[in-house]
Amino acid sequence: MIRRSTKGKAGKAPPLGRRERNKQEKLDRILNAARDLFAAKGFAETTTQEIADRADIGTGTLFLYAKSKEDLLILVFKDEMIQTSQAAIQKVSPDTPLIDQLMQVFGAMIAYHNRDLPLARALIREITILSYAERGKDVQALMRIIYRGISNIVLDAARRKEIRSDIDLTLFGEIFFGIYYLGLIGWLNGHTSKQAFVKGLRMKLSLVIEGLRTGKPAGKKRLKAADGEKA
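What you are looking at is a predicted structure, and each value in this text was computed from that prediction instead of being measured. (Residues numbered from 1 in each chain as written. Predicted model: local features only at pLDDT ≥ 70, side-chain atom pairs only at ≥ 80, totals over all residues. Heavy atoms only, no water.)

**Student:** Describe in detail the side chain of aspartate 138, supporting the description with residues and values.
**Tutor:** Its location among the elements puts aspartate 138 in helix H7 (residues 136-159). Relative accessible area serves as the criterion here: at 12%, aspartate 138 is assigned to the buried category. Dropping the residues within four chain positions of it, aspartate 138 is found in contact with Leu75 and Lys78. (Helix = DSSP H or I, 4+ residues; strand = E, 2+ residues; numbered from the N terminus. Buried < 20%, exposed > 50% of the residue type's maximum accessible area, 1.4 Å probe, protein only. Contact = heavy atoms within 4.5 Å.)

The structure is reproduced here in structure tokens:
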């Protein structure tokens, strides 16, 4: 049975008060300043003092919004990656095979990281093991958007009978992203070239897709065995 992730309809948010608007405007200035300086000077060479000066605020005010430069990096990345992933998902052609659709989405993410590899390495270090638990909500919010977008691509493939539809396909947003993310870490760590990363990613995703075409539903015994119990 095809299960499509849904998003509840929320009522229109009430307008922000003056205080909230001021806080949001100040945060926007901080993030724009950090984004510009990271791009111009690199993450390692940028200081929080420079970011505060560019945003026209004091460093004390800056630290009310982010506890460190790494904290700012995650905030900047969240906004940019949401835009990158959503744009790629929206551009996916419904007539192309699932593997090409997935590679289009992940290709956009790879291109984003390839623009500044030192910045990408710093980012992956921060979001893989968070220095500040408070940023966990930002990362989780980003991942929910990406998982949902990929899952919907997979669900559409099931509707056009490209893959089976008798399992919970919403899980494959996380599964496919996990394959991509592991390869991304290997590339950014210098264990493989970008070309080899992309080639290997396509092969691995294709293997999973092939299993979704021909695989048979696992029985209870097989599922228990996978959990470490005796079949």
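**Student:** Could you give an account of the side chain of serine 68, with specific residues and numbers?
**Tutor:** Mapped onto the elements of the fold, serine 68 is located in the loop between helix H3 (59-65) and helix H4 (69-91). On the basis of relative accessibility, which here comes to 11%, the residue serine 68 falls in the buried class. A distance of 3.3 Å separates the side chain of serine 68 from the backbone nitrogen of glutamate 70, its partner in a polar contact. (Polar contact = N/O pair within 3.5 Å; in protein donor to acceptor, adjacent residues only side chain to side chain.)

**Student:** Mind laying out the packing of aromatic side chains, listing which residues take part and the relevant values?
**Tutor:** All told, the structure shown has nine aromatic pairs when counted by the stated rule. On the numbers, 5.9 Å between centres and 70 degrees between planes, the contact of tyrosine 147 with phenylalanine 177 is edge-to-face. Within this pair, whereas tyrosine 147 is found in helix H7, its partner phenylalanine 177 is found in helix H8 (residues 172-188), the two being separated by 30 residues in sequence. The class of phenylalanine 177 is buried, set by a relative accessible area of 9%. A centroid spacing of 6.2 Å and a plane angle of 35 degrees characterise the contact between tyrosine 180 and phenylalanine 197, whose relative ring orientation is tilted. Remark: phenylalanine 197 occurs in helix H9 (residues 194-214) and tyrosine 180 occurs in helix H8; sequence separation between them is 17 residues. Put simply, the rings of Phe106, Tyr147, Phe177, Tyr180, Tyr181, Trp187 and Phe197 pair up and form one aromatic cluster. Between lysine 69 and the ring centre of phenylalanine 43, over which it is positioned, the NZ or CZ distance is 4.6 Å. (Phe/Tyr/Trp six-rings, centres within 6.5 Å; stacked < 30°, edge-to-face > 60°. Lys NZ or Arg CZ within 6 Å of the ring centre and 35° of its normal.)

**Student:** Would you mind going over the pattern of salt bridges in detail, with residue names and values included?
**Tutor:** Applying the stated criterion across every chain yields a total of eleven salt bridges. For the salt bridge of lysine 41 with glutamate 50, the shortest nitrogen-to-oxygen distance reads 2.4 Å. In this structure, aspartate 100 and arginine 202 form a salt bridge, with 2.6 Å as the shortest nitrogen-oxygen distance. Note that aspartate 100 is positioned in helix H5 (residues 98-114) and arginine 202 in helix H9, a separation of 102 residues in sequence. By relative accessible area, which is 35% here, arginine 202 ends up partly exposed. One network of salt bridges, with partners in common, ties together Arg160, Glu162, Glu210 and Arg213. (Salt bridge = Lys/Arg side-chain N within 4 Å of Asp/Glu carboxyl O.)

**Student:** Account for the layout of surface pockets, naming residues and giving values.
**Tutor:** Summary: where empty space remains is shown by rolling a probe the size of a single water molecule over the atoms. Looking at the largest pocket, its volume works out to about 270 Å³. Along the wall of the largest pocket there are 14 residues; nearest its centre are Glu80, Tyr112, Arg115, Asp116 and Leu119. Of all the secondary structure elements, the ones that give two or more residues to the lining of the largest pocket are helix H1 (18-41), H4, H5 and helix H6 (117-128). Per element, the largest residue contribution to the lining of the largest pocket is four residues, and it comes from H4. Looking at the lining of the largest pocket residue by residue, the classes come out as nine nonpolar, one polar and four charged. (1 Å grid on protein atoms, 1.4 Å probe; cavity = no way out; pocket = protein on both sides within 12 Å on 5 of 7 lines; lining within 4 Å. Points joined across faces, edges and corners; volume = space filled by probe spheres on them. Nonpolar A, V, L, I, M, F, W, Y, C, P; charged D, E, K, R; others polar.)

**Student:** Help me get a handle on H4, residues and values and all.
**Tutor:** Look at H4: 33 Å from first C-alpha to last across 23 residues, which is about the 33 Å you get at 1.5 Å a residue. Near the N-terminus of H4, the side chain that reaches the backbone nitrogen of glutamate 70, with its oxygen 3.3 Å away, is that of serine 68. (Expected span 1.5 Å × (residues − 1).)

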